[in-house]
Amino acid sequence: MGTPSLTLNQANYHSNEMNLKYMSVSQFKGFVECEAKSLAKLRGVYVEPSSNALLVGSYVHAAFESEEAFQQFIEENSGSIFKARGGKYSEFECADRMIEVIKNDKFAMFALEGEKEQIYTAHLFGVEWKIKVDSINHQRRTFTDLKTTQDLHKRYWSTKYDEWVSFVEAWDYVLQMAVYRRVLQENLGYTYTPYIVAVTKENYPNKAVLHFDESRFEFEYEYLEMKMERVLAVKSGKEEPRRCEKCDYCRSTKILKDTMEIGELIHV
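The numbering scheme is per chain: residues are counted from 1 as the chain's sequence reads. It should be noted that, the model being predicted, local features are given only for residues of pLDDT at least 70 and side-chain atom pairs only at 80 or more, the latter also being counted only at that level, while totals for whole chains, interfaces and linings use all residues. Remark: hydrogens and water are excluded; side-chain values derive from all non-hydrogen atoms of the structure.

### Quick word on the overall build of the protein chain
Line of reasoning, step 1. Per the secondary structure count, the protein chain includes 12 helices and seven strands.
Line of reasoning, step 2. Within these notes, the globule rule equals 2.2 Å times the number of residues to the 0.38 power, and the radius of gyration is based on C-alpha atoms. Relative to the 2.2 N^0.38 estimate, which gives 18 Å for 268 residues, the radius of gyration of the protein chain is 20 Å and therefore close to what a compact globule would have.
Line of reasoning, step 3. By its C-alpha atoms, the protein chain is 55 × 50 × 50 Å across when sized along the principal axes.
Line of reasoning, step 4. Counting across all 268 residues of the protein chain, residues that qualify as buried make up 43%.
Line of reasoning, step 5. What makes two residues a contact is simply this: any of their non-hydrogen atoms within 4.5 Å. Restricting to contacts in the protein chain with at least 6 residues of sequence separation, those with at least 24 account for 62%.
Line of reasoning, step 6. Only the protein chains shown count as cover for residues, and all accessible areas are computed by the Shrake-Rupley method using a 1.4 Å probe. In the structure as shown, the protein chain presents an accessible area of about 16100 Å², 50% of it carried by carbon and sulfur atoms.
Line of reasoning, step 7. Of the charged side chains in the protein chain, 35 are positive and 41 negative, and the gap between their average positions amounts to 2 Å. Comment: elements are numbered from the N terminus, with helices defined as DSSP H or I runs of at least four residues and strands as E runs of at least two. Using a 1.4 Å probe on the protein chains alone, a residue whose accessible area is under 20% of its type maximum counts as buried, one over 50% counts as exposed, and one in between counts as partly exposed. In this tally, Asp and Glu contribute negative charge and Lys and Arg positive charge; neither His nor the terminal groups of the chain are included. In this description, the location of a charge corresponds to atom NZ of lysine, CZ of arginine, CG of aspartate or CD of glutamate.

This is the structure:
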């Protein structure tokens, strides 16, 4: 007899075993960005180096999960948070200001009211999905995600939307909310309304509670339908992964075989 399949939980949510078993928004985004890198991560042959930006985001998230979760995060990452001579590194001093700005805002805290870090699964677009919701309020039928960003009003050029967009579209948070909304609908039988509480990494952090026009979600569902067949074919090994030749994985494994004409430098 084989080893029984593990049940998805907080401890194994990000494990390779569960990433192989389930699709997630971050995994889907990864396959769209670079198939080769995503497959290498799933197969355990490449481990993405942790970045300060990700660590700061996790630090801020932990502060709103629970006091226990926050203290545990600080203990586990003390070497990255505290200087050898005492005091926190500047990024985490900034993160403390971000936390304070949200905690001192009644409307932002109202938006974040609810059960924390809840896990749900559902079969959508031909595959099993897993999601972990920052904060879900069953009484109001809302869910809220906390996001950190450089600047609320910074514009990014998006090839996906073929126009200038905000950080919300640029980092595919509309896609994330669309998937979460459908997974929750499958589990709970109701349509829950998504919100984002955003806080900036500026010296004097800016903040906002963001909602979504429902028309935005239909585009994301069509986009998922369009991309999913290819993503699943690569993940299952039926198709060879394409390399983006731009990410850290592709740069670290690149082997030159030919020359490039200089015009290709900006059009690849």
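Now that the structure has been shown, we can carry on.
### Quick notes on the pattern of salt bridges
Line of reasoning, step 1. For salt bridges, the criterion is a side-chain nitrogen of Lys or Arg within 4 Å of an Asp or Glu carboxyl oxygen. One pass over the full model with this rule turns up 15 salt bridges.
Line of reasoning, step 2. Across the pair Asp248 and Lys37 runs a salt bridge, and its minimum N-O distance is 2.9 Å. Taken as a pair, Asp248 in helix H12 (residues 248–252) and Lys37 in helix H3 (residues 35–42) lie far apart in primary sequence, 211 residues in all.
Line of reasoning, step 3. Taking relative accessible area as the criterion, Lys37 reaches 13% and is therefore assigned buried.
Line of reasoning, step 4. Through salt bridges with shared partners, a single ionic network connects Glu35, Arg230, Glu239 and Arg242.

### Focus: the sheet that holds strand E6 (residues 193–200)
Line of reasoning, step 1. Note: two strands are recorded as paired if DSSP finds a minimum of 2 bridges between them. As summarised here, the arrangement of the five strands in space is E1-E2-E3-E6-E7, forming an open sheet in which the pairing is mixed. Of all strands in the sheet, those bounded by a partner on one side alone are strand E1 (115–124) and strand E7 (207–210). Neighbouring strand axes in the sheet, compared pairwise and without regard to direction, differ in orientation by 35 degrees on average.
Line of reasoning, step 2. The pairing of E6 with E7 spans four bridges and is antiparallel. Within E7, the position partnered with Ala198 by the bridge is Ala208. Axis lines are fitted through C-alpha atoms, for helices just across the contact stretch, and the angle between N-to-C directions can take any value from 0 to 180 degrees.

### Some thoughts on the nonpolar core
Line of reasoning, step 1. Counting residues in hydrophobic clusters, the biggest one holds 42 residues, and the most contacted among them are Phe28, Trp129 and Leu224.
Line of reasoning, step 2. Listed by contribution, the elements that provide at least two residues to this core are helix H2 (25–33), H3, E1, strand E2 (127–137), helix H9 (167–170), helix H10 (173–188), E6 and helix H11 (215–235).
Line of reasoning, step 3. Ranked by residue count, the leading element in this core is H10, at nine residues.
Line of reasoning, step 4. Not counting residues up to four positions away in its chain, the partners in contact with Leu224 are Phe28, Phe125, Trp129, Leu175 and Val179.
Line of reasoning, step 5. To define a nonpolar core, start from buried Ala, Val, Leu, Ile, Met, Phe, Trp, Tyr and Cys residues and group those joined through side-chain atoms within 4.5 Å. Ranked by size, the runner-up nonpolar core spans 24 residues in total, among them Leu55, Ala63, Ile74 and Met98.

### Considerations on the packing of aromatic side chains
Line of reasoning, step 1. Here is the rule: rings of Phe, Tyr and Trp (six-membered ring for Trp) pair when centre to centre is within 6.5 Å. Planes less than 30 degrees apart are stacked, more than 60 are edge-to-face, and the remainder are tilted. In this structure the tally under the stated criterion is 14 aromatic pairs.
Line of reasoning, step 2. With centroids separated by 6.4 Å and ring planes inclined at 45 degrees, the aromatic side chains of Phe28 and Trp129 adopt a geometry described as tilted. In this pair, Phe28 is assigned in helix H2 and Trp129 in strand E2, connecting sequence segments 101 residues apart. Per residue, the accessibility class of Phe28 equals that of Trp129, and both read buried.
Line of reasoning, step 3. Ring centres 5.2 Å apart and planes at 75 degrees place the aromatic pair Tyr59 and Phe92 in the edge-to-face group. Of this pair, Tyr59 sits in helix H4 (residues 52–65) while Phe92 sits in helix H7 (residues 90–103); the two residues are 33 residues apart in sequence, bridging distant segments of the chain.
Line of reasoning, step 4. Look at Tyr59 and you get buried, because its relative accessible area is 0%.
Line of reasoning, step 5. A relative accessible area of 0% places Phe92 in the buried class.
Line of reasoning, step 6. Members of the aromatic cluster, joined through ring pairs, are Phe28, Trp129, Tyr161, Phe219 and Tyr223.
Line of reasoning, step 7. Taking the ring centre of Tyr13 as reference, the NZ or CZ of Lys130 above it sits at 4.1 Å. The rule is short: NZ of Lys or CZ of Arg within 6 Å of the ring centre and within 35 degrees of the ring normal puts a charge over the ring.

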